[in-house]
Amino acid sequence: MKQDSVTELQALANIHTCELVAELKKREGVEVNEIGPSASIAVKADGPAIVLVVID
């Protein structure tokens, strides 16, 4: 891994999860489903896909 990539990863490690999620929500190709505290859902996705579950 290049030194620049290592430095960028270290910088990302210092960013709060909520800030990362807020930025990802703005991106093309990102679908957001916010679920309330007492609700649950099943996820179905056609791949290729990456499904992230962020509990904050």
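Everything here concerns the structure above.
Residues numbered from 1 in each chain as written. Predicted model: local features only at pLDDT ≥ 70, side-chain atom pairs only at ≥ 80, totals over all residues. Heavy atoms only, no water.

(A) Expanded view of the overall build of the chain. A count of helical and extended segments in the chain gives 2 helices and 0 strands. A compact globule built from 56 residues should have a C-alpha radius of gyration of about 10 Å, whereas the chain, at 15 Å, is more than 25% larger. Each principal axis of the C-alpha distribution contributes one length, and for the chain these read about 40 × 25 × 15 Å. Expressed as a percentage of its 56 residues, the buried residues of the chain come to 0%. (Helix = DSSP H or I, 4+ residues; strand = E, 2+ residues; numbered from the N terminus. Rg over C-alpha atoms; globule rule 2.2 N^0.38 Å. Buried < 20%, exposed > 50% of the residue type's maximum accessible area, 1.4 Å probe, protein only.)

(B) Quick look at the layout of surface pockets. By volume, the largest pocket is sized at about 1,200 Å³. Along the wall of the largest pocket there are 27 residues; nearest its centre are Glu-31, Val-32, Asn-33, Leu-52 and Val-53. (1 Å grid on protein atoms, 1.4 Å probe; cavity = no way out; pocket = protein on both sides within 12 Å on 5 of 7 lines; lining within 4 Å. Points joined across faces, edges and corners; volume = space filled by probe spheres on them.)

(C) How the structure looks around unusual backbone geometry. With an omega dihedral of 5°, the bond running from Gly-47 to Pro-48 counts as a cis peptide bond. Here Pro-48 is to be found in the segment after helix 2 (17–25).

(D) Spotlight on the environment of Ser-38. Here Ser-38 lies in the segment after helix 2. When the C-alpha positions of Ser-38 and Gln-3 are compared, they lie 44 Å apart, and in sequence the two are 35 residues distant.

(E) Seen up close, a nonpolar patch on the surface. On the surface, Leu-24, Val-30, Val-32, Ile-50, Leu-52 and Val-54 cluster together into a nonpolar patch covering about 560 Å² of accessible area. Tracing the backbone through its elements, the reader meets Leu-52 in the segment after helix 2. (Patch = residues over 30% accessible without salt bridge, like charges linked within 9 Å, V, L, I, M, F, W, Y side chains within 5 Å. Areas by Shrake-Rupley, 256 points an atom, 1.4 Å probe, with all protein chains shown as cover. Salt bridge = Lys/Arg side-chain N within 4 Å of Asp/Glu carboxyl O.)

(F) Representation of the environment of Val-51 in the model. Here Val-51 lies in the segment after helix 2. Between the C-alpha atom of Val-51 and that of Val-30, which follows or precedes it by 21 residues, the distance is 10 Å. Those residues in contact with Val-51 that lie beyond four places of it in its chain are Val-43 and Ala-45. (Contact = heavy atoms within 4.5 Å.)

Interpretation in functional terms is not warranted from these geometric data alone.
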